[in-house]
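# Remarks on the overall topology
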Amino acid sequence: MSEASVPSVSVAQARELFFAQGRDPAPWIAPHISRSWQRSRPVDPQCIDPTPMAPSLLNERREQAMRLLSCAQPELDGLAEHAVGNGCIVALSDATGLILEEIGSPDFLPKAQRVALQPGVEWSESHRGTNAIGTALAERVALMVLGGEHYLAQNGRLGCAAAPIFSGRGELAGALDISGETARVNHHALGLVRMAAQQVEHRMLLAEASGHVLRFHARPALIGTAREGLMVIEGGRIVAANRVALDLFGRSWEGLLDLDAEEFLGAQWPRMEHRRSLLTLPGGRQIATVMERTGTANSGAGRSGARQAMAANAAPVDNDDVVRPLLARAVRVLNEGVPVLVNGETGSGKEVFSRRLHAASRRSAGPFVAVDCASLPETLIEAELFGYEEGAFTGARRKGMPGRIREAHGGVLFLDEIAEIPLALQTRLLRVLEGRVVTPLGGGQGVAVDFDLVCATHAGLPALVEAGRFRADLMYRVAGFTVALPALHERADRRALIARLFLESGGAAKHLCLENDALERLAAYRWPGNVRELRSVLRALVALADPGDAVTADALPAHLHDAAPVADFSEAAASQPNAPLQTITRHAIDEALRACDHDVARAARRLGVHRATVYRHLARQRPPTGNTKD
């Protein structure tokens, strides 16, 4: 057991020695607690709990940590379910210990807030003495701080487990924490935050990488998972690595970064690109590897230029992308070979989402083969999917055709509007998905195929199964994990999305500025055609504007002026036109919870917000209970 996880057995004696007598408490408590108490001496043990910083300042800090927030959101979502079930909360801090986000049990959230364990409060050792967040950042290891091990006596009822989050260069990026009453926090919680921090680091390194990314592990099956080693190489030098890579090579960041890649990996490393193989290191050791090119060495400059262009046009950045956490969860299951089904209204971006899913998955180096099942005539869809041999039917190509399923080998097969596949072909498709062998029309030898499957539909497959139009066994095979994309008018991030798409549709190239009145009018429209309709309108606006124009609401099509606006959080604002926004929001969440039988996840999807928003709402609705100090 590591020193960072050994609980104190004599905390009371240690506190008497240290706080009353000024003596060294080291023999009575874990070494990391003793070191932290010594570092915390400048903190007044009787200090008053601070108030959170102003919301505007907290939003600025969140914007500065946007990469961390976006990459940690799936883990916050996953840990929240554990926290709610165990009467705990989950907190994410930045590198200074400032809590950026907090979700979890409605029972414990008010208690946490009464000891200032909430967003906008810094929990570094210099501000709050020994505590899991601040001490994990100081010690650079995952650890627990239980009860009286906290430096401040008012935190003596807390039990906390936290793990630091590192960048690919070993810099602290933040910390993940689970906190609750002391009896609720144990080594299981410590293991959860340690594993979640590793997932966040994996996601951050891939999001920030440019040049070549080397994925590797001693066990080939772990390549493509968060347990793989990652190393980023730019200009022939190693510029970043995750902690798994350090452990596999027995190195520290100081001993690995900026080394010449050829000296460390051998002359063969550039030949590993886009193929799974064994790489023999200079010392003779072999590791399973896959090399990927993520962009050119100056791609970071390109991203910086794009951000500058965004700022120059005074458009808000899409920091609140509600699709991002859905994408992150879908990537995780797809990388394990589980089929993903994307549900959403026509035009809501199902294919765009699926392409993003492919690009972020383990199959990103392979092909993305899209088949629109709705657009193919019933007489041709079988040949299109499964291929055919020469002379299989009249009009067939002279040398036959391999079929789209075989073309997807090594990549992702995307079946759009899968509900439109004729019932007679569903049995054959199921057989291919189960056996991963495809036999072309006209006979011939079956061909083994290896691909990941993503399907999309705007229809409800269970209803089609009940109507006898879709096989139940095929539905269970393709819907291993279902993603429900919100309609555009349901998305809480639609203003930022509209601003970004305006620039991408040519607004940035023509140096156009989308004025607030136009943005608000666009955001208020219901968009029956969803993102597809929005893109068409934005392209028309850009085409009609002169370079450098400020696009106002007057430039919008007439039907956008005449239509009744859709309010935030469904119809709540329309039903309460004079109510303040906070009241409208509370009403909308309550209505969604009632409609979803108080299922938080379903209510959040219905509203187009993250579950954390609903959990915070529930916490605020609870009447004050006893103080944690009692």
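Residues numbered from 1 in each chain as written. Predicted model: local features only at pLDDT ≥ 70, side-chain atom pairs only at ≥ 80, totals over all residues. Heavy atoms only, no water.

Per the secondary structure count, the protein includes 27 helices and 19 strands. Burial statistics for the protein: of 630 residues in total, 51% are counted as buried. For the protein, the computed accessible surface area is about 27,900 Å², with 51% contributed by carbon and sulfur atoms. (Helix = DSSP H or I, 4+ residues; strand = E, 2+ residues; numbered from the N terminus. Buried < 20%, exposed > 50% of the residue type's maximum accessible area, 1.4 Å probe, protein only. Areas by Shrake-Rupley, 256 points an atom, 1.4 Å probe, with all protein chains shown as cover.)

This part covers the environment of Asp372. If you trace the backbone, Asp372 turns up in strand 12 (residues 368-372). Remark: the alpha-carbon pair of Asp372 and Phe414, spanning 42 residues in sequence, is separated by 8.4 Å. A polar contact is formed between the side chain of Asp372 and the backbone nitrogen of Ala374, at a distance of 3.1 Å. (Polar contact = N/O pair within 3.5 Å; in protein donor to acceptor, adjacent residues only side chain to side chain.)

This brings us to the pairing of strand 5 (residues 172-181). Buried residues dominate strand 5, accounting for 8 of its 10 residues. Here strand 4 (residues 158-166) runs beside strand 5; their pairing, made up of 9 bridges, is antiparallel. Counted as the bridge partner of Ala161 is Ile178 from strand 5. Linking strand 4 back to strand 5 in an antiparallel pair, the connection comprises 5 residues, with Gly170 at a positive phi of about 85°. (Pairing = 2+ DSSP bridges.)

The full count for this structure, using the stated rule, is 10 aromatic pairs. Judged by centre distance (5.1 Å) and plane angle (50°), the rings of Phe216 and Phe249 are tilted. Of this pair, Phe216 sits in strand 6 (residues 211-217) while Phe249 sits in helix 9 (residues 243-249); the two residues are 33 residues apart in sequence, bridging distant segments of the chain. Phe249 matches Phe216 in its accessibility class, with the two residues each being buried. The ring of Phe386 carries the charged tip of Arg428 above its face, separated from the ring centre by 4.2 Å. For the cation-ring pair, Arg436 lies above Phe451, with the distance from its terminal atom to the ring centre recorded as 4.3 Å. (Phe/Tyr/Trp six-rings, centres within 6.5 Å; stacked < 30°, edge-to-face > 60°. Lys NZ or Arg CZ within 6 Å of the ring centre and 35° of its normal.)

Counted by the stated rule, this structure contains 0 disulfides. Here Cys373 stays unpaired: no disulfide links it, and the sulfur of Cys455, its closest cysteine neighbor, is 7.7 Å away. Judged by relative accessible area, Cys373 falls into the buried class, the value being 2%. (Disulfide = S-S within 2.5 Å.)

What follows concerns the pattern of salt bridges. Overall, the coordinates contain 25 salt bridges when judged by the stated rule. Two residues, Glu201 and Arg243, come together in a salt bridge whose shortest N-O distance is 2.7 Å. Within this pair, whereas Glu201 is found in helix 8 (residues 187-208), its partner Arg243 is found in helix 9, the two being separated by 42 residues in sequence. Arg243 gets classed as partly exposed once you look at its relative accessible area, which sits at 25%. Three or more residues are tied together by salt bridges with common partners; here these are Arg35, Arg39, Glu125 and Glu139. (Salt bridge = Lys/Arg side-chain N within 4 Å of Asp/Glu carboxyl O.)

So, about the nonpolar core. Membership of the largest hydrophobic core comes to 44 residues, with the highest contact counts inside it found for Ile165 and Leu176. With 9 residues, the single largest contributor to this core is helix 4 (residues 66-85). Sequence-distant contacts of Ile165, defined by excluding residues within four places in its chain, comprise Leu68, Leu92, Glu171, Leu172, Ala173, Gly174, Ala175, Leu176, Ala197, Val200, Glu201 and Met204. Among the nonpolar cores identified, the runner-up in size contains 31 residues, and Ile33, Leu109, Val145 and Tyr151 belong to it. (Core = buried A, V, L, I, M, F, W, Y, C linked by side-chain atoms within 4.5 Å. Contact = heavy atoms within 4.5 Å.)

Pairing within the open sheet is parallel, and its 5 strands lie in the order 12-13-16-11-17. Two strands close off the open sheet at either side, each with one partner strand: strand 12 and strand 17 (481-484). Taking the axes of each pair of neighbouring strands and ignoring which way they run, one obtains an average angle of 20° across the sheet. Where strand 12 lies against strand 13 (residues 412-416), 5 bridges are found, and the strand directions are parallel. Opposite Ala370, over in strand 13, you have Phe414 as the bridge partner. On the sheet, helix 13 (residues 323-334) packs against strand 11 (340-343), strand 13, strand 16 (452-457) and strand 17 and is oriented at approximately 165° with respect to strand 17. (Axes fitted to C-alpha atoms, helices over the stretch in contact; angles between N-to-C directions.)

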